[in-house]
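Listed below, chain by chain, are the residues.
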Amino acid sequence: MVLSHMNGCSDQALLAMLAERGSVEMASLASEFETHPMTITQRCYELQSDGHVRQIAGGVYAITDDGRAYLETLED
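Residues numbered from 1 in each chain as written. Predicted model: local features only at pLDDT ≥ 70, side-chain atom pairs only at ≥ 80, totals over all residues. Heavy atoms only, no water.

Draft legend 1. Representation of the sheet that holds strand β3 (residues 24-25). Spatially, the 3 strands line up as an open sheet ordered β3-β5-β4, and their pairing is antiparallel. Pairing within the sheet leaves two strands with one partner each, and these edge strands are β3 and β4 (53-57). When β3 meets strand β5 (residues 60-63), the two strands line up antiparallel, connected through 2 bridges. Each bridged residue has a counterpart across the sheet, and for Glu-25 the counterpart in β5 is Val-60. This element, helix α1 (residues 11-21), spans β3, β4 and β5 of the sheet and lies at about 90° to β5. (Pairing = 2+ DSSP bridges. Helix = DSSP H or I, 4+ residues; strand = E, 2+ residues; numbered from the N terminus. Contact = heavy atoms within 4.5 Å. Axes fitted to C-alpha atoms, helices over the stretch in contact; angles between N-to-C directions.)

Draft legend 2. The arrangement of the nonpolar core in detail. One finds Leu-14, Leu-15, Leu-29, Phe-33 and Ile-40 to be the most contacted residues of the largest nonpolar core, which totals 19 residues. Mapped onto this core, the elements with two or more residues apiece are α1, α2 (26-32), α3 (37-49), β5 and α4 (65-75). Beyond its immediate sequence surroundings of up to four residues, Leu-15 is in contact with Leu-47, His-52, Val-53, Ile-63, Gly-67, Tyr-70, Leu-71 and Leu-74. (Core = buried A, V, L, I, M, F, W, Y, C linked by side-chain atoms within 4.5 Å. Buried < 20%, exposed > 50% of the residue type's maximum accessible area, 1.4 Å probe, protein only.)

Draft legend 3. How the structure looks around the environment of Ala-27. Counting through the fold element by element, Ala-27 comes out in helix α2. When its relative accessible area of 37% is taken as the criterion, Ala-27 is described as partly exposed. In sequence terms Ala-27 and Gly-59 are 32 residues apart; their C-alpha atoms lie 7.7 Å from each other.

Draft legend 4. Examining unusual backbone geometry more closely. In this structure, Glu-34 takes a positive phi of about 50° despite not being glycine. Locating Glu-34 in the fold gives a position in the loop between α2 and α3.

Draft legend 5. Quick look at the side chain of Thr-64. Note that Thr-64 resides in the loop between β5 and α4. Residues contacting Thr-64, with those up to four places away along its chain left out, are Gly-51, His-52, Val-53 and Arg-54.

Draft legend 6. Focus on α4. What α4 keeps buried is the set Gly-67, Tyr-70, Leu-71 and Leu-74. Down the axis of α4, the buried side of the element spans an arc of 105°, and every buried residue falls inside it. What points out from α4, more than 90 degrees from its buried face, is the exposed set Asp-65, Glu-72 and Thr-73. Looking at the packing, one finds that the buried side of α4 touches α1, α3 and β5. (Arc of directions from axis to C-beta.)

Okay, structure coming up:
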């Protein structure tokens, strides 16, 4: 998978934040990355399709074990 950048919200940055904070609400992620909530929703949807995050509740996401392993490959 290619590392994706959308308005400063890379896979690495998004996964790192979820790894650090646990579950995070989409609006908080959008605020943190200074991007539109739809951008975060799109990234989380794609990461969820790849098994790297999971949606816990409406708009609340958490990193998965696969996501943590993927994040380690991005940090190298």
